[in-house]
Amino acid sequence: MFSSITMRYSRQVIFEYIGKEKQEMLRKSRITIVGCGGLGTRTAELLARAGIGWITIIDKDKVELSNLQRQSLFREEDVGKHKSEAAKEELGKINSSTKVNAVTETLDRRNAGLLDCDLVLDCTDNLETRFVINDYCAKNSIPWIYSAVIGSGGMLMNVMPRREYCFRCVIKESECTESCETRGILNSAAAVVSSIQATEALKILTRQPCEKGLISINLWPLRLTRISVKKNPNCPTCNGKYEYA
Ligand SMILES: [Zn+2]
């Protein structure tokens with residue numbers, strides 16, 4: 001058994017920041033992915049291939065034809081199936097040793113206990129859900145990674161329990177949010193943001209330093225920007241008022 005595991009992850013284990021011990025940490029890790037769209041499908045695939053032990057996927061939607069352009073775990077035959085179930089089926093074929101829990105629900109304060117794990121990956125497309133994640137994770141000292149994608153670009157931020165700022169310090173409720181339905185989305189933009197998110201997940205799950213601040217990336221034209229983030233002294237979450245969880 002161990003030798004097949006060694007072989008399976010050999011290219012990752014010889015990578016300088018991983019090694020056998022940290023590969024074992026990944027095997028023991030539990031993550032929750034909220035949203036199984038352009039970001040969630042690819043992040044789930046990358047992390048299942050990397051050898052994460054347990055993955056919970058939360059999404060209440062069904063696969064639509066227009067999803068296939070960018071949602072990497074789905075095929076034509078999946079149209080009409082629940083995304084979480086279709087993702088579980090495909091991930092099982094990719095790595096049968098990763099345990100996948102498919103949850104066909106919308107995340108809100110009533111089922112926020114689903115976020116009890118080692119790391120939460122935000123792959124949603126709405127602010128309300130992100131505030132639920134932010135409050136629940138702050139309250140329970142769980143790290144999480146914000147990610148968003150639209151057009152040819154996206155954003156990403158590690159929100160760590162003992163770091164000086166949280167998501168709500170940066171993003172206000174009133175923030176205008178355009179959607180992929182109105183602006184469109186390139187599959188390559190989702191792939192790049194997912195790849196950064198999955199890499200940050202490996203750093204966090206193996207207890208290594210992760211990136212600070214808000215990372216903004218655009219592919220067309222190409223640029224990567226790191227925006228430094230400060231604590232908002234009036235942030236309710238940082239002041240222990242968890243209105244969303
Ligand atoms: Zn805050």
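Use the structure listed above.
Residues numbered from 1 in each chain as written. Predicted model: local features only at pLDDT ≥ 70, side-chain atom pairs only at ≥ 80, totals over all residues. Heavy atoms only, no water.

(A) Representation of the sheet that holds strand 2 (residues 54-58). Taking strand neighbours across the sheet as the criterion, the eight strands line up as 3-2-1-4-5-6-7-8 in an open arrangement whose pairing is mixed. Of all strands in the sheet, those bounded by a partner on one side alone are strand 3 (99-103) and strand 8 (222-227). With direction set aside, neighbouring strand axes in the sheet form an average angle of 15 degrees. By the bridge criterion, five bridges tie strand 6 (residues 153-159) to strand 7 (residues 214-219) in an arrangement that is antiparallel. What sits directly across from L156, in strand 7, is I215. (Pairing = 2+ DSSP bridges. Helix = DSSP H or I, 4+ residues; strand = E, 2+ residues; numbered from the N terminus. Axes fitted to C-alpha atoms, helices over the stretch in contact; angles between N-to-C directions.)

(B) Here's a closer look at the environment of K83. Looking at where K83 falls in the secondary structure, it is placed in helix 5 (residues 83-94). The buried category is assigned to K83, whose relative accessible area is 6%. Residues K83 and G35, spaced 48 residues apart in sequence, show a C-alpha to C-alpha distance of 9.1 Å. When residues no more than four places from it in sequence are discounted, the contact partners of K83 are C36, G37, D59, D61, K62, V63, N67, Q71 and F74. (Buried < 20%, exposed > 50% of the residue type's maximum accessible area, 1.4 Å probe, protein only. Contact = heavy atoms within 4.5 Å.)

(C) Geometry of the coordination of the zinc ion. Distances from the zinc ion to its protein donors, C166 (SG), C169 (SG), C235 (SG) and C238 (SG), fall at 2.3 Å. Taken together, the four donor atoms coordinating the zinc ion and their angles of 100 to 120 degrees define a geometry best described as tetrahedral. Classification of C235 as buried rests on a relative accessible area of 0%. (Donors = N, O, S within 2.8 Å, 3.2 Å for Na, K, Ca; no water. Tetrahedral: all angles 85-135°; square planar, octahedral: opposite > 155°, others 65-115°.)

(D) How the structure looks around helix 4 (residues 38-49). Compared with an ideal rise of 1.5 Å per residue, which puts twelve residues at 16 Å, helix 4 spans 17 Å between its outermost C-alpha atoms and is within 8% of the ideal. Among the twelve residues of helix 4, nine are classified as buried, and the element is accordingly described as predominantly covered. Regarding helix 4, the residues found buried are G38, L39, G40, T41, T43, A44, E45, L47 and A48. G51 sits one or two positions beyond helix 4 and adopts a positive phi of about 100 degrees. (Expected span 1.5 Å × (residues − 1).)

(E) Quick look at the pattern of salt bridges. What the rule picks out here adds up to 14 salt bridges. Note that E200 is salt-bridged to K203, the shortest N-O span being 2.7 Å. With E200 and K203 both in helix 9 (residues 187-205), this residue pair falls three residues apart, about one helical turn. We classify E200 as buried; its relative accessible area is 2%. (Salt bridge = Lys/Arg side-chain N within 4 Å of Asp/Glu carboxyl O.)

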